[in-house]
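Here's the letter readout for the chains.
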Amino acid sequence: MTTQLSKGNNGRPLEIPDALVQAADLYSNLTQTDSSTVLLRWLRNGSERELLQLVSDGELSMGKFIEVMGITYYDIHDLAQKYGIELGPTAEESRYARENFGGVVAKNFQAAAPGRQE
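Predicted, not measured: the structure shown is a model, and the values here were computed from it.

## Things to note about a nonpolar patch on the surface
Consideration 1: Taken together, Leu14, Leu40 and Leu43 make up a surface patch of nonpolar side chains, about 260 Å² in accessible area.
Consideration 2: On the accessibility criterion, Leu43 (53% relative accessible area) is exposed.

And the structure:
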């Protein structure tokens with residue numbers, strides 16, 4: 001059995017399993033929160049976590065994640081920490097950077113080494 005949820009005139013009908021509605025009702029009673037608010041928060045948290053995992057896996061760009069979630073670049077690392085998701089370049093991106101820019105970076109480090117005389 002499922003329940004339909006829609007909020008406001010622009011709402012979209014969403015079929016929610018009864019067990020999830022019951023869990024939201026229980027949570028809302030315990031926390032004195034509206035059950036619709038609880039369900040929307042759970043939906044938001046789940047989408048943050050799942051999309052952020054796609055960013056971590058290299059399947060979704062940080063830019064698109066920021067756009068879709070309506071956040072800033074500065075929010076990403078806090079979210080990654082919240083969900084225990086590591087962010088960084090993919091193996092392919094790291095290899096590309098080493099192959100194309102590794103020599104330039106090495107030269108810059110050598111030139112900036114303390115005590116180096118030209």
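Now that the structure is up, let's keep going.
## Brief notes about the packing of aromatic side chains
Consideration 1: In total, this model carries two aromatic pairs according to the counting rule given.
Consideration 2: Judged by centre distance (5.7 Å) and plane angle (65°), the ring pair of Tyr27 and Trp42 falls under edge-to-face. You can see Tyr27 sitting in helix H1 (residues 18–31) and its partner Trp42 sitting in helix H2 (residues 35–56), a full 15 residues away along the chain.
Consideration 3: On the basis of relative accessibility, which here comes to 33%, the residue Tyr27 falls in the partly exposed class.
Consideration 4: Arranged with centres 5.9 Å apart and planes meeting at 80°, the rings of Tyr73 and Tyr74 form a pair that is edge-to-face.

## What to know about the pattern of salt bridges
Consideration 1: Within the structure shown, the criterion is met by four salt bridges.
Consideration 2: Between Glu48 and Lys82 there is a salt bridge whose closest N-O contact spans 3.6 Å. Taken together, the residues Glu48 in helix H2 and Lys82 in helix H4 (residues 73–83) connect sequence positions 34 residues apart.
Consideration 3: Judged by relative accessible area, Glu48 falls into the buried class, the value being 8%.
Consideration 4: Ionic pairing is found between Glu50 and Arg49, a salt bridge with its closest N-O pair at 3.7 Å.
Consideration 5: When salt bridges that share partners are traced, they join Arg44, Glu48 and Lys82 into one network.

Definitions and cut-offs
- Residues numbered from 1 in each chain as written.
- Predicted model: local features only at pLDDT ≥ 70, side-chain atom pairs only at ≥ 80, totals over all residues.
- Heavy atoms only, no water.
- Patch = residues over 30% accessible without salt bridge, like charges linked within 9 Å, V, L, I, M, F, W, Y side chains within 5 Å.
- Areas by Shrake-Rupley, 256 points an atom, 1.4 Å probe, with all protein chains shown as cover.
- Salt bridge = Lys/Arg side-chain N within 4 Å of Asp/Glu carboxyl O.
- Buried < 20%, exposed > 50% of the residue type's maximum accessible area, 1.4 Å probe, protein only.
- Phe/Tyr/Trp six-rings, centres within 6.5 Å; stacked < 30°, edge-to-face > 60°.
- Helix = DSSP H or I, 4+ residues; strand = E, 2+ residues; numbered from the N terminus.

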